[in-house]
Amino acid sequence: MLVTARDMLYKAMEGKYAVGHFNINNLEWTKAILLTAQELNAPVILGVSEGAGKYMTGFETVTAMVKAMDKSLGITVPVALHLDHGSYEGCYKCIKAGFSSIMFDGSHFPIDENVAKTTELVNAAHQLGLSIEAEVGAIGGEEDGVIGKGECADPDECKRIADLGVDFLAAGIGNIHGKYPENWEGLSFETLAAIKEKVGDMPLVLHGGTGIPADMIKKAISLGVAKINVNTECQLAFQEATRAYIEAGKDQQGKGFDPRKLLAPGFEAIKATVKEKMELFGCIGKA
Ligand code: 13P
């Protein structure tokens, strides 16, 4: 059964660990993440970007697949199905499609417009029992073709958005999606501490979880981060494992072409990546 992300994140914030949000793109990704969470007895958030939703033929398909898979795999750990970087329209689509959690990314709007749209969506989500994440300060890098600079959010704006009743808040602290450039300055813990001071008892979300050094992840968790998003690292692991399999000529062995065999090394690589991240985030055994 799907649950909202609210309770798992409050528990994580109190217990000083973070829950992993892993983006899904297809059946293999979803299965690998669900099985790993179950094996490690960890709560988990399945993130779906609008692009991935479209790729999977729409949010209703995604909900149907995740719900059915959760049941057929006998998953008992808490699982949230969460829209990642949702537009205003995308949020309504996911509420309708049966997601258990949404993110409204209004960070590119002027703050007053972000406030107005977030207020409306908080009410819409809460009426139907979904949790909602909001964002202040664009997260850098590219996601679904949208490039952000990697800003540091204004703590007062964070407080304004947090006070609207969102369940958890993503705030830019110099983090970016994808691989970090060589000259990356690192996370701004000053900004993170200032935001935490303003928003108080609210779980914070760290996007761009790929490639952040372990000591920075641990420090961010100690300062109130309770959800960490990972996407690129699973993609890279999948790509590398698939390439190695093909380059070794293993896809040519046996009788004919079997897509299940071709995708198996990537599937195992995602499982290993999710496990590694869950160890780092401290969420193993916390279901
Ligand atoms: P990465 O792709 O850098 O892991 O970031 C994922 C993310 O933040 C999704 O919202």
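Our subject is the structure listed above.
Structural notes, computed from the coordinates.

How each quantity is defined
- Residues numbered from 1 in each chain as written.
- Predicted model: local features only at pLDDT ≥ 70, side-chain atom pairs only at ≥ 80, totals over all residues.
- Heavy atoms only, no water.
- Helix = DSSP H or I, 4+ residues; strand = E, 2+ residues; numbered from the N terminus.
- Buried < 20%, exposed > 50% of the residue type's maximum accessible area, 1.4 Å probe, protein only.
- Contact = heavy atoms within 4.5 Å.
- Near = heavy atom within 4 Å.
- Polar contact = N/O pair within 3.5 Å; in protein donor to acceptor, adjacent residues only side chain to side chain.
- Areas by Shrake-Rupley, 256 points an atom, 1.4 Å probe, with all protein chains shown as cover.
- Nonpolar A, V, L, I, M, F, W, Y, C, P; charged D, E, K, R; others polar.
- Salt bridge = Lys/Arg side-chain N within 4 Å of Asp/Glu carboxyl O.
- Pairing = 2+ DSSP bridges.
- Right-handed = clockwise from strand over helix to strand, strands pointing away.

1. Here we look at the overall build of the protein
For the protein, the count of helices and strands is 11 helices and 10 strands. Each principal axis of the C-alpha distribution contributes one length, and for the protein these read about 60 × 45 × 35 Å. By residue count, 55% of the 287 residues in the protein fall in the buried class. The contacts in the protein between residues at least 6 apart in sequence include a share of 72% that link residues at least 24 apart.

2. Observations concerning unusual backbone geometry
Positive phi values are uncommon outside glycine, yet Lys-16 reaches one of about 60°. Phi angles above zero are rare outside glycine, and Asn-41 is one such case at about 55°. Along the polypeptide, Asn-41 turns up in the loop between helix 2 (27-39) and strand 2 (44-49).

3. Considering the site of the ligand
Near the ligand lie 14 residues; those nearest to it are Asp-84, Gly-208, Thr-210, Asn-231 and Thr-232. Gly-208 has a polar backbone atom sitting 2.8 Å from an oxygen atom of the ligand. Here Asn-231 contributes a backbone N or O atom positioned 2.8 Å from an oxygen atom of the ligand. Here the ligand has 310 Å² of accessible area as a free molecule, and 99% of this is covered by the chains. Class assignment for the residues of the shell around the ligand results in 1 nonpolar, 11 polar and 2 charged.

4. Focus: the pattern of salt bridges
Taken as a whole and judged by the stated rule, the model has 9 salt bridges. The partner of Arg-6 in a salt bridge is Asp-167, and the shortest N-O contact between them spans 2.7 Å. Of this pair, Arg-6 sits in helix 1 (residues 6-15) while Asp-167 sits in the loop between helix 7 (155-162) and strand 8 (168-171), placing them 161 residues apart in sequence. Arg-6 gets classed as partly exposed once you look at its relative accessible area, which sits at 34%. Among the ionic pairs, Asp-163 bridges to Lys-159, the shortest N-O distance being 3.0 Å. Under the relative-accessibility criterion, Asp-163 is labelled exposed at 53%.

5. Here we look at the side chain of Thr-191
With respect to the element layout, Thr-191 can be found in helix 8 (residues 189-199). Only 2.6 Å separates the side chain of Thr-191 from the side chain of Ser-188, close enough to count as a polar contact. When residues no more than four places from it in sequence are discounted, the contact partners of Thr-191 are Cys-152, Ala-153, Gly-172 and Ile-173.

6. What to know about the pairing of strand 10 (residues 225-230)
For strand 10, a buried count of 6 out of 6 residues is recorded, marking the element as mostly surrounded by other parts of the structure. Pairing of strand 1 (residues 19-23) with strand 10 involves 4 bridges; the strand directions are parallel. Following the sheet pairing, Val-19 is matched in strand 10 by Lys-227. Examined bridge by bridge, strand 9 (residues 204-206) and strand 10 share 3 bridges and lie parallel to one another. Paired with Leu-206 across the bridge in strand 10 is Ile-228. Handedness of the crossover is the feature at issue here: the chain leaves strand 9, passes through helix 9 (residues 214-222), returns alongside strand 10, and the resulting connection is right-handed.

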